Amino acid sequence: MQQDTDHIVLLWQAFLRGEQMAFTQILEIYYQALFNYGTKLTSDHELVKDSIHDLYLDLWQQHEQLGHVVSPKFYLLKALRYKLLKAQRRAGRESHELKDDYAFEAEFTIEHKIITDEATEENNHRIEQLLTQLSKRQREAIYLRFYQDLNYDEIAQLMGINYHSVVNLIYEAVRQLRRGWVFTVAILTAFL
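Residues numbered from 1 in each chain as written. Predicted model: local features only at pLDDT ≥ 70, side-chain atom pairs only at ≥ 80, totals over all residues. Heavy atoms only, no water.

What's the story with the overall build of the protein chain in this structure? I'm lost.
When helices and strands are tallied, the protein chain shows nine helices and zero strands. Taken from N to C terminus, the helices and strands of the protein chain fall in the order α-α-α-α-α-α-α-α-α. Out of the 192 residues belonging to the protein chain, those deemed buried represent 41%. Considering only residue pairs separated by 6 or more positions, the protein chain has 67% of its internal contacts joining residues 24 or more positions apart. As displayed, the protein chain offers around 11,700 Å² of accessible surface, 52% of which is attributable to carbon and sulfur atoms. (Helix = DSSP H or I, 4+ residues; strand = E, 2+ residues; numbered from the N terminus. Buried < 20%, exposed > 50% of the residue type's maximum accessible area, 1.4 Å probe, protein only. Contact = heavy atoms within 4.5 Å. Areas by Shrake-Rupley, 256 points an atom, 1.4 Å probe, with all protein chains shown as cover.)

The structure is reproduced here in structure tokens:
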């Protein structure tokens with residue numbers, strides 16, 4: 001993992017120097033993660049694609065003014081979120097930046113992140129039900145932490161909340177998931 005991070009940082013530095021090949025590799029590495037995150041924020045897939053395209057154009061045009069970043073992935077996710085919110089405002093749509101009812105929809109790959117042993121379809125269904133009981137901000141925080149591998153500081157900046165709020169969101173979400181899982185298993189074993 002550290003080797004991958006070091007490679008990305010080297011690519012970013014090469015991109016800042018104007019190396020087009022490094023820029024192309026960054027685009028290829030992060031496009032899918034950006035698209036996946038963008039489609040969690042809005043269901044308008046064309047807006048997401050256009051925003052990613054605009055982001056990449058802006059990056060290339062301004063690469064000489066950009067500075068060193070600790071995490072290119074975080075930088076790109078934050079820039080995309082900003083572009084999407086700006087595009088929504090420009091289109092006359094209500095901004096959902098600070099509300100808890102914005103359309104963050106996530107499909108979690110349960111088998112790889114939550115359940116370490118062999119997951120059955122019934123277990124997946126139960127967990128999906130439990131995830132829908134979380135607030136949308138909790139789902140977003142869980143998605144960013146466990147599926148995008150962002151740290152708490154990065155999530156706080158991305159979501160526009162403080163560090164302690166992120167810790168609380170994730171802690172409470174995990175606690176709710178655990179409580180719901182134990183309750184569901186207890187009910188099922190009582191009926192068996």
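How should the confidence of the model for the protein chain be read in this particular structure?
Atom-level detail of predicted coordinates should not be read off regions where pLDDT is low. In this model, the protein chain carries an average pLDDT of 80, and 77% of its residues clear a pLDDT of 70 or more. Taken element by element, the predicted model of the protein chain shows its lowest mean pLDDT in helix H5 (residues 110-113) (48) and its highest in helix H8 (residues 152-159) (94). Note that residues 95-101 has pLDDT below 50 and, in this model, 14 contacts with residues that lie over four places away or in other chains. In this model residues 111-119 is a low-confidence stretch, pLDDT under 50, and it forms twelve contacts with partners more than four residues away in sequence or in other chains. (pLDDT = per-residue confidence, 0-100.)

When you look at the pattern of salt bridges in this model, what are you seeing that I'm missing?
Pairing between side chains of opposite charge can happen when the charged atoms of each approach one another. Enumeration over the complete set of coordinates arrives at six salt bridges. Two residues, Arg-17 and Glu-19, come together in a salt bridge whose shortest N-O distance is 3.2 Å. The shortest N-O distance in the salt bridge between Arg-179 and Glu-172 comes to 3.8 Å. Relative accessible area serves as the criterion here: at 45%, Arg-179 is assigned to the partly exposed category. Shared partners join several salt bridges into a network, and the residues in it are Glu-172, Arg-175 and Arg-179. (Salt bridge = Lys/Arg side-chain N within 4 Å of Asp/Glu carboxyl O.)

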